Amino acid sequence: MGKHLGFYINSSICTGCKACQVACKDKNDLPVGMLWRRVVQYGGGAWQPHPTIKHLATPNNIFVYSFSMSCNHCENPACVNVCPTGAMTKRADGIVVINQDQCVGCRYCEWACPYGAPQFDEAKGVMTKCNFCEDLLAQGQNPVCVDACVMRAIEFGDLAALRGKYGMVNAIEPLPPSNLTNPAIVLTPHRHTEFSGKGTGKILTLEQEV
Amino acid sequence: MNVREWALITFTILAQMSVGSFIVLGIVHYFVVRKSGEKQADELSDRALLAIGPVLALGMAASLLHLGNPINAYKAVTNLGTSWLSREIFFGVLFAVAGAVFAVMQWKKIATFTVRNVVALVAAVIGVALVYSMAQVYMMPTRPAWNLVTTPLSFYVTTLLLGVLAMGAAFVANYWYVQSKNPGCASEQCVLLRDSLRWIAVASIVLLGFQFVIQPLSVALMAAGEASASAEILANEFGVLFALRLVLVFLGAGVLGIFVYREAQNAGREKMLAIDAYAAFALVLVGEIVGRFLFYATTMKIGLQ
């Protein structure tokens, strides 16, 4: 198998600043309500009343971590398989792209994708999604999210090489188990990370940020 | 819920009703031929056949409202290799074509009786494949409340239940037509129609039994698996609607089914027979629409939205 591009996200140093999200939105001129790259904040725990002292509460396992998520250009993409028109395709380099001239706007890919990657453009009536900044790649540049990250928490490259360098973690809460689609992503988990299926927290990202 | 999902509710309900009607009419036709011959059977079913095409056409028109870019709709059958949605559309179009070919052959009496039967059988098999594809569209691991064996089972029960009761309504309408031509309705045709309606009533009661097994089973499977959140929404937020759905189907297919059976036994109670058969169809149709609404309204997605 040839080269398969993928993203690496270092959740252990991600501050949740959303520079990648904003850079992506700006570069791709995305309308309100649409984010091809999103910073997800996931947290849990609670304040616990002190057993003896009245009105005193102590934090109990309170945690929060952030990571950045776009289309994962999965090795077995659910969106490509279900698309009835064949508008969604996987390129030889692993990038999953959508041909909007073919798209019928049925939103079936949106149902199938467990990462919320394909998003519907109400104005055009077709689906849109992260294209790995294929235009920038063609010019030898980095995807805009990679360069925008102030923490250098996003990298991209050959998936096998990224896995060799950073390991195999690709399913942390609130992401689904990776066996659904084999996402082309490698994550360095935050020290408080809960792995997929073991979640006790919830998504804390604010909806009004889009 | 938005317009798009109502388009899907309309499409799936109407397409399933037309498949069910076609199959039920075929079965009735087969038995009437054996009992009273081709001529009587044709007279009984040719007019009922009239209702099926428009129902399917209406459903398919509604499905277009679900699309963001309907101009590309014709491209939606190009990914038959992996997409169940492609297969659903393919079988939908194929069923419409096969059904239309059969209807024209039947009305114009083209070809022999046996050839027409083969065409009808082929159309019915395509209809079964259509309903199977419709169910498979919803069987995705990311939608655990849909990804259950009860999805195809309930689609098939809905198909047959709506088919049976729609044909019941069609037979009653046909009965009035025959009666208007032949006052008193002493002809063999009227006896056959009443017999058919009795079997329709029996079938609707049996199918009600299936529905009352599958619906609780689907909730149990949801609650036991990844879709427990869906089961919770169904029980709490939509509990009243879920109960209403079961009550409507019970009253229509069960209680009115018994009335239809009794009233169809003898001539002279045609007025009540008609009211009950129409009401049974209407109640079950509304019940199934509510059921399909709940199917879409209670689904949950795993992973990121």
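Residues numbered from 1 in each chain as written. Chains lettered and ligands numbered in written order. Predicted model: local features only at pLDDT ≥ 70, side-chain atom pairs only at ≥ 80, totals over all residues. Heavy atoms only, no water.

## Regarding the environment of Ala 112 of chain A
Looking at the secondary structure, you find Ala 112 of chain A in helix 3 (residues 108-112). Exposure remark for Ala 112 of chain A: the relative accessible area of 4% places this residue in the buried category. Sequence separation of Ala 112 of chain A and Ile 172 of chain A is 60 residues, and the distance between their C-alpha atoms is 19 Å. Dropping the residues within four chain positions of it, Ala 112 of chain A is found in contact with Ala 78 and Val 82 of chain A together with Met 140 and Thr 142 of chain B. (Helix = DSSP H or I, 4+ residues; strand = E, 2+ residues; numbered from the N terminus. Buried < 20%, exposed > 50% of the residue type's maximum accessible area, 1.4 Å probe, protein only. Contact = heavy atoms within 4.5 Å.)

## Considerations on the nonpolar core
Core analysis: the biggest nonpolar cluster contains 98 residues, and Phe 22, Tyr 138, Met 167 and Phe 171 of chain B have the highest contact counts within it. Residues within four places of Phe 171 of chain B in sequence aside, it is in contact with Leu 25, Val 28, Leu 44, Ala 48, Leu 193, Ser 196, Leu 197 and Ile 200 of chain B. (Core = buried A, V, L, I, M, F, W, Y, C linked by side-chain atoms within 4.5 Å.)

## Concerning the interface of chain B and chain A
Taken together, the 32 residues of chain B in the interface contact 35 residues of chain A. Of the roughly 2,400 Å² buried at the junction of chain B and chain A (both faces included), carbon and sulfur atoms supply 58%. At the boundary of chain B with chain A, the tally comes to zero salt bridges. Counting every contact that joins chain B to chain A gives 25 residue pairs in polar contact (both at pLDDT 80 or more). Residue assignment for the side of chain B that touches chain A shows that the elements contributing at least two residues are helix 1 (3-36), helix 4 (84-108) and helix 5 (113-137) of chain B. (Buried area = accessible area lost by both parts, 1.4 Å probe. Salt bridge = Lys/Arg side-chain N within 4 Å of Asp/Glu carboxyl O. Polar contact = N/O pair within 3.5 Å; in protein donor to acceptor, adjacent residues only side chain to side chain.)

## Considering a nonpolar patch on the surface
Nonpolar side chains collect at one region of the surface, where Val 149, Leu 153, Leu 217 and Leu 221 of chain B lie side by side and expose about 290 Å² of accessible area between them. Position of Val 149 of chain B among the secondary structure elements: in the loop between helix 5 and helix 6 (150-181). (Patch = residues over 30% accessible without salt bridge, like charges linked within 9 Å, V, L, I, M, F, W, Y side chains within 5 Å. Areas by Shrake-Rupley, 256 points an atom, 1.4 Å probe, with all protein chains shown as cover.)

## Section: the sheet that holds strand 8 (residues 154-158) of chain A
All names here are of chain A. Here three strands make up an open sheet; going across it, the order is 8-1-9 and the pairing mixed. Single-partner strands in this sheet number two, and they are strand 8 and strand 9 (185-188). Going across the sheet, the axis of each strand differs from the next one's by a mean of 20°, ignoring polarity. Bridging between strand 1 (residues 5-10) and strand 9 involves four bridges; their strand directions are parallel. Opposite Tyr 8, over in strand 9, you have Val 186 as the bridge partner. Lying on the sheet, helix 6 (residues 159-166) is in contact with strand 1, strand 8 and strand 9; it crosses strand 8 at an angle near 125°. (Pairing = 2+ DSSP bridges. Axes fitted to C-alpha atoms, helices over the stretch in contact; angles between N-to-C directions.)

## Quick word on the packing of aromatic side chains
What the rule picks out here adds up to 26 aromatic pairs over all chains. Summarising the aromatic geometry, the rings of Trp 111 of chain A and Trp 146 of chain B are spaced 4.9 Å apart at their centres and angled 65° between planes, so their arrangement reads as edge-to-face. Linking Trp 111 of chain A in helix 3 with Trp 146 of chain B in the loop between helix 5 and helix 6, this pair reaches from one chain into another. Under the relative-accessibility criterion, Trp 111 of chain A is labelled buried at 12%. The exposure class of Trp 146 of chain B is buried, given its relative accessible area of 1%. Aromatic side chains Phe 22 of chain B and Phe 102 of chain B sit 5.7 Å apart centroid to centroid with 80° between the ring planes, which places their arrangement in the edge-to-face category. One end of the pair, Phe 22 of chain B, is in helix 1; the other, Phe 102 of chain B, is in helix 4, with 80 residues separating them in the sequence. Residue class for Phe 102 of chain B comes out buried when judged on its relative accessible area of 10%. A connected cluster of aromatic rings, assembled from ring pairs, spans Tyr 108 and Trp 111 of chain A together with Tyr 138, Trp 146, Phe 155, Phe 295 and Tyr 296 of chain B. (Phe/Tyr/Trp six-rings, centres within 6.5 Å; stacked < 30°, edge-to-face > 60°.)

## Brief notes about empty space enclosed by the protein
Following the criterion strictly, the structure yields six cavities of 30 Å³ or more and no others. Each pocket or cavity is described by its volume, and for the largest cavity that value is around 250 Å³. Lining the largest cavity are 19 residues, with Gln 215, Ser 218, Met 222, Gly 291 and Phe 295 of chain B sitting closest to its centre. When residues of the lining of the largest cavity are traced back to their parent elements, those giving at least two are helix 6, helix 7 (188-224), helix 9 (239-263) and helix 10 (270-297) of chain B. For the lining of the largest cavity, the element with the most residues is helix 6 of chain B, which contributes five residues. Looking at the lining of the largest cavity residue by residue, the classes come out as nine nonpolar, eight polar and two charged. Estimates place the volume of the second largest cavity at around 100 Å³. In terms of lining, the second largest cavity is formed by 14 residues, of which the most central are Cys 14, Cys 17, Cys 20, Cys 149 and Ala 153 of chain A. (1 Å grid on protein atoms, 1.4 Å probe; cavity = no way out; pocket = protein on both sides within 12 Å on 5 of 7 lines; lining within 4 Å. Points joined across faces, edges and corners; volume = space filled by probe spheres on them. Nonpolar A, V, L, I, M, F, W, Y, C, P; charged D, E, K, R; others polar.)

## A short note on the sheet that holds strand 2 (residues 38-49) of chain A
Residues and elements named next belong to chain A. One open sheet accounts for three strands, arranged 3-2-10; its pairing is antiparallel. The open sheet has two free edges, formed respectively by strand 3 (57-69) and strand 10 (202-203), since each of these has just one partner strand. Judged from the 11 bridges that link them, strand 2 and strand 3 form a sheet pairing that is antiparallel. Bridging across to strand 3, Pro 49 finds its partner in Ala 57.

## Digging into the packing of helix 7 of chain B against helix 9 of chain B
All names here are of chain B. Between helix 7 and helix 9, the shortest axis-to-axis distance is 8 Å and the interhelical angle comes to 160°. When the axes of helix 7 and helix 9 are compared, the pair comes out roughly antiparallel. In terms of crossing hand, the pair formed by helix 7 and helix 9 is left-handed. Across the interface between the two elements, Leu 197, Arg 198, Ala 201, Val 202, Ser 204, Ile 205, Leu 208, Gln 211, Phe 212, Gln 215 and Val 219 of helix 7 pack against Phe 242, Arg 245, Leu 246, Val 249, Phe 250, Ala 253, Gly 254, Gly 257, Ile 258, Val 260 and Tyr 261 of helix 9. Of the residues in the contact of helix 7 with helix 9, the class split is 15 nonpolar, five polar and two charged. (Parallel < 35°, antiparallel > 145°, perpendicular 65-115°, else oblique. Left-handed = near helix turned anticlockwise from the far one by under 90°.)

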